[in-house]
Amino acid sequence: MTAPDSDKVSGTGDSSAISRRRFLAGAAVAGSAVALSSTAIAMKSSAAVTFDDQTTGGTSVTVKSATLPEGGFVAIHDDRLLDGKALESVIGVSDKLDAGAHTDIEVDLFDVDGADFDEKMLEEDGTLIAMPHVDSNGNGEYEFVSSGGKTDGPYTKDDKAVIDDAKVTVEMDTKPTADVCFRDQKSDGKRVWVNEATLSDGGFVTIHDSSLLDGKVLDSVIGVSDSLDAGMHEDIEISLYEGVPGGDYDMDMLEGDTTLIAMPHLDTNDNGTYDFITSEGEMDGPYTMGGKAVLDDADITVSDGC
């Protein structure tokens, strides 16, 4: 195949950025099965994309900027694209983008309509390629792969697909992780059971009342487990309205049926004591995923027979 033409560039920027902003020959991008000359596949335009070298946890990448005159998507291809495997090389695609310029576009990998992957994340460092695609049928769905290349083809310039490549370094995410399962149950009003919790770094499982949903993170804590080692724990008994460092309560049991929330917390200072309230949230914060606290809620029925 013909190597990518590094002399044809678009946009402005420093010399290193310009040297990376290239356009693949139409035949190389399309492969033997798909021809870019088809009007259903490509759109000639002033589209542009910038894809910088980066480090990733392996499940997503970030495209620095893209301009899509008619809107559409930014697809991420692996280096099989350079062998003409336009369809097989697609490993990620952005959400639908409106017409115009976009920055810091996060693209999840290995979740593409019509594609079948053996892996769930990047397993090694490599070169990936960002390519803007038009939404040719205007339905908001990326169908380039599922249509066999007949729909939603790449934006082009001089009959070459607009692209930029990046060296992607994979570093596995070492951020603490947790999971919790808190099922609906009957309670005597003084204790509840968390069915299962997995804490990668150990810590605690707290019980919050529904005032947590009103933003009362500290005041909503009404129970906390004993210190838990790293790993999975089952049937965790947690007393309510007692034994919570810093907790001050006007009641000693649940007064009626309610919804409670279980939330795993780290032991950030590793002292075996839950210090989240006494430190006003500075220590022993919750485990998070995607920027949100890990939690599960349960409907609690208060019964004297428990």
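What counts as what
- Residues numbered from 1 in each chain as written.
- Predicted model: local features only at pLDDT ≥ 70, side-chain atom pairs only at ≥ 80, totals over all residues.
- Heavy atoms only, no water.
- Helix = DSSP H or I, 4+ residues; strand = E, 2+ residues; numbered from the N terminus.
- Contact = heavy atoms within 4.5 Å.
- Areas by Shrake-Rupley, 256 points an atom, 1.4 Å probe, with all protein chains shown as cover.
- Pairing = 2+ DSSP bridges.
- Axes fitted to C-alpha atoms, helices over the stretch in contact; angles between N-to-C directions.
- Patch = residues over 30% accessible without salt bridge, like charges linked within 9 Å, V, L, I, M, F, W, Y side chains within 5 Å.
- Salt bridge = Lys/Arg side-chain N within 4 Å of Asp/Glu carboxyl O.
- Lys, Arg positive; Asp, Glu negative; His and termini not counted.
- Charge placed at Lys NZ, Arg CZ, Asp CG, Glu CD.

(A) Up close: the overall build of the chain. What the chain contains, in helices and strands, is two helices and 22 strands. Pairs at least 24 residues apart make up 66% of the contacts formed inside the chain by residues separated by at least 6 positions. Accessible surface, the chain: about 15,500 Å² in total, of which carbon and sulfur atoms supply 43%.

(B) Fine view of the sheet that holds strand S13 (residues 178–181). Taken in spatial order, the three strands line up as S13-S15-S18 in an open sheet, and their pairing is antiparallel. The outermost strands of the open sheet, each flanked by one partner alone, are S13 and strand S18 (231–239). Pairs of neighbouring strands in the sheet enclose a mean axial angle of 25°, with direction left out of account. Pairing geometry for S13 and strand S15 (residues 191–199), over four bridges, is antiparallel. Residue pairing in the sheet places Cys181 in a bridge with Glu196 of S15.

(C) Geometry of the sheet that holds strand S8 (residues 100–108). Spatial strand order, S3-S5-S8: three strands in an open sheet with antiparallel pairing. In this open sheet, the two strands that pair with only one neighbour each are strand S3 (48–50) and S8. Pairs of neighbouring strands in the sheet enclose a mean axial angle of 25°, with direction left out of account. Here eight bridges tie strand S5 (residues 60–68) to S8, and the two strands are oriented antiparallel to one another. In the strand pairing of S8, Val61 is matched with Val107.

(D) A look at the pairing of S5. As paired elements, S3 and S5 share three bridges and run antiparallel to each other. Paired with Thr50 across the strands is Ser65, a residue of S5.

(E) Summary view of a negative patch on the surface. On the surface, a cluster of negative charge is contributed by Asp116, Asp118, Glu119, Glu123, Glu124, Asp125 and Glu171. Summarising the element assignment, Glu123 is placed in the loop between S8 and strand S9 (126–134).

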